[in-house]
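A look at the structure
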Amino acid sequence: MFYLDKDMPLTEQHIIKYIEKFRSDTLPRLQKWRNYYDGDQDIKHRIISDSTKPNNKIVANYASDITDNYCGYLTGRPVTYSCNEDIAGIMDVLRANNATTEDKCLLKDALIYGTAYELHYINAAGEECFKTISPESGFPIYSADLDRTLLYFVRYYSVEDVVANKSTCYVELYSANSVARYKTNDQYSELAPIEIRAHYFGEVPVAVMEMGDDNRAIFDGIISLQDAYNTIISDRTNDYEVFCDAYMVLSGVLADEETLKQMKENRILQLDGDASASYLTKQVAPAEVDSLLDKLNRHIRRISHSPDFTDENFFAQSGVSLAYKLIAFEDTSANIEAHMRTAIKRRLTLISNIAKLTSDTFAVGDINITVARNLPVDVLTTAQAVNQLRGLVSNKTLLTQLPFIDDPEAECEAAKADTESTLYNFSGGDSNGDNK
């Protein structure tokens, strides 16, 4: 994380130094987390000195499982929005940018990298757009005070020309009022200005989602356990291969190489009366290995607070028992949700800033954001509970509790239109609007 005195200008030399420090200090850690999620873990690079021995490299990818558990739990059902004011405009922007998919991408990046970035821009058609960009390709710069204001965002990337077989590298600097674009070399050690163009977001057009003060991957705490699990299960497979390809021991047998070759080809052993044959095998204790793997699995689940949803016995219990088992998972999810809400609020603020240019303002602070949990839902029980709260809670809030309602605002309008149509028909109006 980088800081700068808000009164100090950011020079090109500053940008180069920030990129250099990011690439040397931060990027390797981000790439390691990404590799672990993708399954490219330490076991994949294991080398055994004896090349004749089996060297299985098996990955039981807990990093991916834990990440996907949290991501699916929090974004498996779309985030919904409700407000007492008219937010049709803001919903149009969200739908146009497929916000449901972007929410998944943003959260997934945050879980893998410990931080995630969403870049806002105006496309060639004049439409407001936002896209998640990889934390490996950029970083924010904050003010060095208690406010920690986002002053700049630096993005660097390369564009490959497959015909000419060369790449061109670029750097973009986003500030509160403009975007400066530079051309650079593949080491990002020189900057050649291309253009500076204004934008109209009124703030740095980036929404940042952070996972906390240390910004670590959700699975960072179990990486050593993940490595141990991979090693044990790989070595167990190695032992099995060795067992299947064991040495044969012939005792009391005098046989030359040609005789042994014929025995092997004919699959016949010719032994004298005092001779014996046996396999030389390594003694393995399967129960002990299974016990150790089970302990590692339980430690991984306990530290990550991520349950094994594939366990067929997990849901075979009462709702109360299930709730108790999910307490740690839910507590961690609630903390993640708080950071996610901050990023979504920032997104809505940036959308609102553009809307204000046409006098179409949104009360962003009054918009209620609902992040529902993606677990099996008893719709009948939920509907009954919602119905009992009718008159005590607003209809928009009640609709957010129903899992099949994606847009409570639109649903309220549709329900209102249905009610008005029913009342009109009861009043005696025909389809042409004439009274009979």
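Calculation notes
- Every chain's residues receive numbers from 1 upward, in the order its sequence appears when written.
- Local features are withheld for residues below a pLDDT of 70 in this predicted model, meaning they are given only at 70 or higher, and side-chain atom pairs are given and counted only at 80 or more; totals for whole chains, interfaces and linings count all residues.
- Only hydrogens and water are set aside when side-chain values are computed; all heavy atoms of the structure are taken into account.
- Side-chain rings of Phe, Tyr and Trp (the six-membered ring for Trp) are treated as a pair once their centres are within 6.5 Å; stacked means planes under 30 degrees apart, edge-to-face means over 60, and tilted covers the remaining angles.
- Strands are runs of DSSP state E lasting at least 2 residues, helices are runs of H or I lasting at least 4, and numbering of each runs from the N terminus.
- When accessible area is computed with a 1.4 Å probe and restricted to protein chains, residues below 20% of their type maximum are described as buried, those above 50% as exposed, and intermediate ones as partly exposed.
- Over a ring means this: the NZ of a Lys or the CZ of an Arg is within 6 Å of the ring centre and within 35 degrees of the ring normal.
- Pairing between strands is defined by DSSP: at least two bridges between them are needed.
- Angles run from 0 to 180 degrees between N-to-C directions of axes, and those axes are lines fitted to C-alpha atoms, restricted for helices to the stretch in contact.
- Any two residues whose heavy atoms approach within 4.5 Å at even a single point are treated as in contact.
- The definition of a nonpolar core used throughout is a set of buried Ala, Val, Leu, Ile, Met, Phe, Trp, Tyr and Cys residues joined through side-chain atoms within 4.5 Å.
- This arc corresponds to the set of directions leading from the helix axis out to the C-beta atoms.
- The patch calculation keeps residues exceeding 30% relative accessible area without a salt bridge and links them within 9 Å when they carry like charges or within 5 Å when they are nonpolar (Val, Leu, Ile, Met, Phe, Trp, Tyr).
- Where accessible areas are quoted, they stem from the Shrake-Rupley method and a 1.4 Å probe; at the residue level, only the protein chains shown are allowed to cover.
- We define a salt bridge as a side-chain nitrogen of Lys or Arg found within 4 Å of a carboxyl oxygen belonging to Asp or Glu.
- The charged-residue count follows a simple rule in which Lys and Arg add positive charge and Asp and Glu add negative charge, with His and chain termini not counted at all.
- By convention, the point assigned to a charge is CZ for Arg, NZ for Lys, CD for Glu and CG for Asp.
- Working rule for angles: under 35 degrees goes down as roughly parallel, over 145 as roughly antiparallel, 65 to 115 as roughly perpendicular, anything else as oblique.
- Here a crossing is called left-handed whenever its near helix is offset anticlockwise from the far helix by less than a right angle, and right-handed whenever the offset is clockwise.
- Between N or O atoms, a polar contact is any pair within 3.5 Å; within protein, one atom must be a potential hydrogen donor and the other a potential acceptor, and residues adjacent in sequence are included only when both atoms are from side chains.

Right, let's talk about the packing of aromatic side chains for a bit. Here the structure, examined in full by the defined rule, presents twelve aromatic pairs. Judged by centre distance (6.3 Å) and plane angle (40 degrees), the ring pair of Tyr3 and Tyr142 falls under tilted. One end of the pair, Tyr3, is in strand 1 (residues 2-4); the other, Tyr142, is in strand 5 (residues 138-143), with 139 residues separating them in the sequence. Residue classification places Tyr142 among the buried positions, given a relative accessible area of 5%. Arranged with centres 5.0 Å apart and planes meeting at 70 degrees, the rings of Tyr117 and Phe153 form a pair that is edge-to-face. Placement of the pair is Tyr117 in strand 3 (residues 115-122) and Phe153 in strand 6 (residues 150-161), with a sequence separation of 36 residues. Judged on exposure class, the residue Tyr117 and its partner Phe153 are both buried. Above the plane of the ring of Tyr142 lies Arg148, whose end atom (NZ or CZ) is 4.3 Å from the centre. Above the plane of the ring of Tyr157 lies Arg155, whose end atom (NZ or CZ) is 4.3 Å from the centre.

Within a sheet, neighbouring strands are paired by backbone hydrogen bonds and run either parallel or antiparallel to one another. Taken in spatial order, the three strands of this open sheet run 4-3-10, and their pairing is antiparallel. Edge positions in the sheet fall to strand 4 (128-133) and strand 10 (206-210), since each of these pairs with one other strand and no more. Adjacent strand axes in the sheet meet at a mean angle of 20 degrees, parallel and antiparallel pairs treated alike. Relative to strand 10, strand 3 is paired through five bridges, and the arrangement is antiparallel. From the neighbouring strand, Leu119 faces strand 10, where its bridge partner is Val206. Against the sheet, helix 9 (residues 327-355) contacts strand 3, strand 4 and strand 10, and its axis sits at roughly 175 degrees relative to strand 10.

Spatially, the six strands line up as an open sheet ordered 1-5-6-7-8-9, and their pairing is mixed. Where the open sheet ends on each side, the last strands, each with one partner, are strand 1 and strand 9 (192-198). Pairwise comparison of adjacent strand axes, ignoring direction, gives a mean angle of 20 degrees for this sheet. Summarising the sheet, strand 8 (residues 178-184) and strand 9 pair through six bridges and their orientation is antiparallel. Opposite Arg181, over in strand 9, you have Glu195 as the bridge partner. Each of strand 1, strand 5, strand 6, strand 7 (166-174), strand 8 and strand 9 is contacted by helix 1 (residues 12-38), which is oriented at about 75 degrees to strand 6, the strand it contacts most.

It is worth spelling out unusual backbone geometry at this point. Here Asn98, not a glycine, exhibits a phi torsion of approximately 50 degrees, which is positive. One can find Asn98 in the loop between helix 3 (88-96) and helix 4 (99-113). Classification of Asn98 by relative accessible area gives partly exposed; the value is 42%.

What follows is about the environment of Arg155. Mapped onto the fold, Arg155 is located in strand 6. When the C-alpha atoms of Arg155 and Glu172 are compared, they prove to be 5.1 Å apart, with 17 residues separating the residues in sequence. Contacts of Arg155, omitting those with residues within four sequence positions, involve Ile133, Ser137, Gly138, Tyr170, Val171, Glu172 and Tyr174.

As a further point, take the nonpolar core. Tyr81, Met209 and Phe219 are the most contacted members of the largest nonpolar core, which has 77 residues in total. Broken down by element, the residue count for this core peaks at ten residues, all from helix 1. With residues near it in sequence (within four places) discarded, Phe219 still touches Trp33, Tyr36, Tyr37, Ala63, Ile66, Thr67, Leu111 and Ile112.

What follows is about helix 3. Among all positions of helix 3, only Ile90, Met91, Val93 and Leu94 are buried. Seen from one end, helix 3 has its buried residues packed into an arc of 160 degrees, which puts them on one side. Buried positions along helix 3 lie against strand 2 (80-82), helix 4, strand 4 and helix 9.

Let us now look at the environment of Gly252. Topologically, Gly252 is positioned in the loop between strand 11 (247-251) and helix 6 (257-266). Along the sequence, Gly252 and Ser276 sit 24 residues apart, while their C-alpha atoms lie 6.7 Å from each other. Aside from chain neighbours lying at most four places away, what touches Gly252 is Asp272 and Ala275.

This next bit is on a negative patch on the surface. Residues Glu85, Asp86, Asp366 and Glu413 make up a contiguous surface patch of negative charge. Here Glu85 is to be found in the loop between strand 2 and helix 3. A relative accessible area of 46% places Glu85 in the partly exposed class.

This part covers the packing of helix 2 (residues 62-75) against helix 9. At their nearest, the axes of helix 2 and helix 9 sit 11 Å apart, and the two run at 65 degrees to each other. By the angle class used here, helix 2 and helix 9 are roughly perpendicular. Where helix 2 crosses over helix 9, the two elements pack in a sense that is right-handed. On helix 9, the residues touching Asn69, Tyr70, Tyr73, Leu74 and Thr75 of helix 2 are Phe329, Glu330, Thr332, Ser333, Ile336, Glu337 and Met340.

Before going further, it helps to examine the side chain of Asn97. Following the sequence through the fold, Asn97 ends up in the loop between helix 3 and helix 4. Overall, Asn97 belongs to the buried group, its relative accessible area being 10%. Of note is the side chain of Asn97, whose polar atom sits 2.8 Å from the backbone oxygen of Val93. At 3.1 Å, the side chain of Asn97 forms a polar contact with the backbone oxygen of Glu128. Residue contacts for Asn97: discarding those within four places in its chain leaves Glu102, Glu128, Cys129 and Phe130.

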